[in-house]
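# Observations on chain architecture
Below are the chains, spelled out letter by letter.
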Amino acid sequence: MSPTPRAMNSRTTRARWGIPVAAGASLALVGGVLLWYPAGEADASPTASSRAGFTAVAAGDIAEQCTASSSSCKHPRTAALVKEINPSFVLTMGDNQYDDARLKDFQKYYDKTWGAFKSKTHPVAGNHETYDPAGALAGYKSYFGSVAYPDGESYYSFDQGNWHFIALDSNSFDDDDQIDWLKDDLAANAKKCVAAYWHHPLFSSGEHGNDPVSRPVWKLLQDNKAELVLNGHDHHYERFAPQTPDGKADANGIVELLGGMGGANPYDIEEVQPNSQKRLTKTFGVVKLNFTDTGFSWNLVATDGSTKDTSPSYSCH
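Below: a short report on this structure. Bear in mind that the values here come from a model prediction, so they are computed numbers and not experimental data.

### Structural notes on the state of the cysteines
- Under the counting rule described, the total for this entry stands at two disulfides.
- For Cys193, the disulfide goes to Cys316, at an S-S distance of 2.0 Å. Here Cys193 and Cys316 share a disulfide; its torsion about the S-S bond, 110 degrees, makes the bridge right-handed. Here Cys193 is found in strand β10 (residues 193–197), whereas its partner Cys316 is found in the segment after β18 (313–315), with 123 residues between them in sequence. Accessibility assignment for this pair places Cys193 and Cys316 in one class, buried.

The structure is reproduced here in structure tokens:
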């Protein structure tokens, strides 16, 4: 599918170690994970990193109650991808730990895999984090601590390069305090590019479908020229063309990326939404996000090491 009017003509260059193979493709073997990048996705040399800016990894819906001893357990394999990519930081889009996100479950499952990146993870909570018998978000808060509550709340923001990242708690979008904080945060932002992430997607072709709880938040982000929204909740991968909070295609709209393929059992695609450009289910992996000072793109990397999807390259508003 051809890029939208906002999409840049050339892909962002990304540096990685590779072994040249036929037709300009590349292979990389590290830690037992073989990564293959088709021609056009491999970089000519590490000097290209000056254009790459920085890389992040994102996924939601991650740690089922299983370990690497089970061949069907997926979160150890998605964690292996994070280790191989070695991003500047990790974004998780909620439902980090199943089923009730108790502290002991975080310690027994999530911590054994994705916990290796805890110090550079910027998480948000999903609905499963609210099911903890000890209280909503109790295990999540105890496990992540100041990583998830840098300012004492379950929502926060941080900067990297020319980007401003906003982590929100979609379990409480009816909380006026969070919305007022978001307004103030956007007003104070001095960065050119803005990305926000939370659990429940406004748009989804999966089993949960569209969730209007975040439409007011989308409107605030759109009014402040945000570029990108990342979500989880539905257990599949999906990317959308830029659109408005009302679902109308708009070159100046927000790009939504749904990345619920971090390890939880996959969901079916049920009703394809307008502006949905790519949908994959039963594909486990992570999203490798490539940020520059003026734009972004991403690759979906599956647990077999292959690149399953490559986004257009977008310019910041």
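### A look at the pattern of salt bridges
- Counting across every chain of the model gives four salt bridges.
- A salt bridge links Asp309 to Arg239; the nearest nitrogen and oxygen atoms lie 2.6 Å apart. Of this pair, Asp309 sits in strand β17 (residues 307–310) while Arg239 is found in strand β12 (residues 237–240), placing the two residues 70 residues apart along the sequence.
- As a salt-bridge pair, Lys308 and Asp304 come within 4.0 Å of each other at their nearest N and O atoms.

### Considerations on the pairing of β17
- The pairing of strand β16 (residues 295–302) with β17 spans three bridges and is antiparallel. Bridge pairing links Leu300 to Asp309 in β17.
- Hairpin connection between β16 and β17: a loop of four residues separates the two successive antiparallel strands, and Gly305 in this loop has a positive phi of roughly 90 degrees.

### Describing a negative patch on the surface
- Residues Asp151, Glu153, Asp174, Asp176, Asp177, Asp180 and Asp184 make up a contiguous surface patch of negative charge.
- Mapped onto the fold, Asp176 is located in helix α5 (residues 176–188).
- A relative accessible area of 56% places Asp176 in the exposed class.

Definitions and limits used
- All residue numbers here refer to positions counted from 1 along the written sequence of the relevant chain.
- Predicted model: local features are reported for residues with pLDDT of at least 70 only, side-chain atom pairs are reported and counted for 80 or more only, and whole-chain, interface and lining totals are derived from all residues.
- Hydrogens and water are ignored here; the side-chain numbers use all heavy atoms of the structure.
- The disulfide criterion used throughout: a pair of cysteine sulfur atoms within 2.5 Å.
- Helix and strand definitions here come from DSSP, where helices need a minimum of 4 consecutive H or I residues and strands a minimum of 2 consecutive E residues; each element is numbered from the N-terminal end.
- Each residue is assigned to one of three classes by its accessible area relative to the maximum for its type, calculated with a 1.4 Å probe on protein chains only: buried under 20%, partly exposed between the two thresholds, exposed over 50%.
- Think of a salt bridge as a Lys or Arg side-chain nitrogen and an Asp or Glu carboxyl oxygen that are within 4 Å of each other.
- DSSP calls a pair of strands paired once it identifies at least 2 bridges connecting them.
- Patch building starts from residues that exceed 30% relative accessible area and form no salt bridge, then joins like charges within 9 Å and nonpolar side chains (Val, Leu, Ile, Met, Phe, Trp, Tyr) within 5 Å.
- Only the protein chains shown count as cover for residues, and all accessible areas are computed by the Shrake-Rupley method using a 1.4 Å probe.
- The charged-residue count follows a simple rule in which Lys and Arg add positive charge and Asp and Glu add negative charge, with His and chain termini not counted at all.
- For this purpose, a charge sits on NZ of Lys, CZ of Arg, CG of Asp or CD of Glu.

These values are about where atoms sit, not about what they do.
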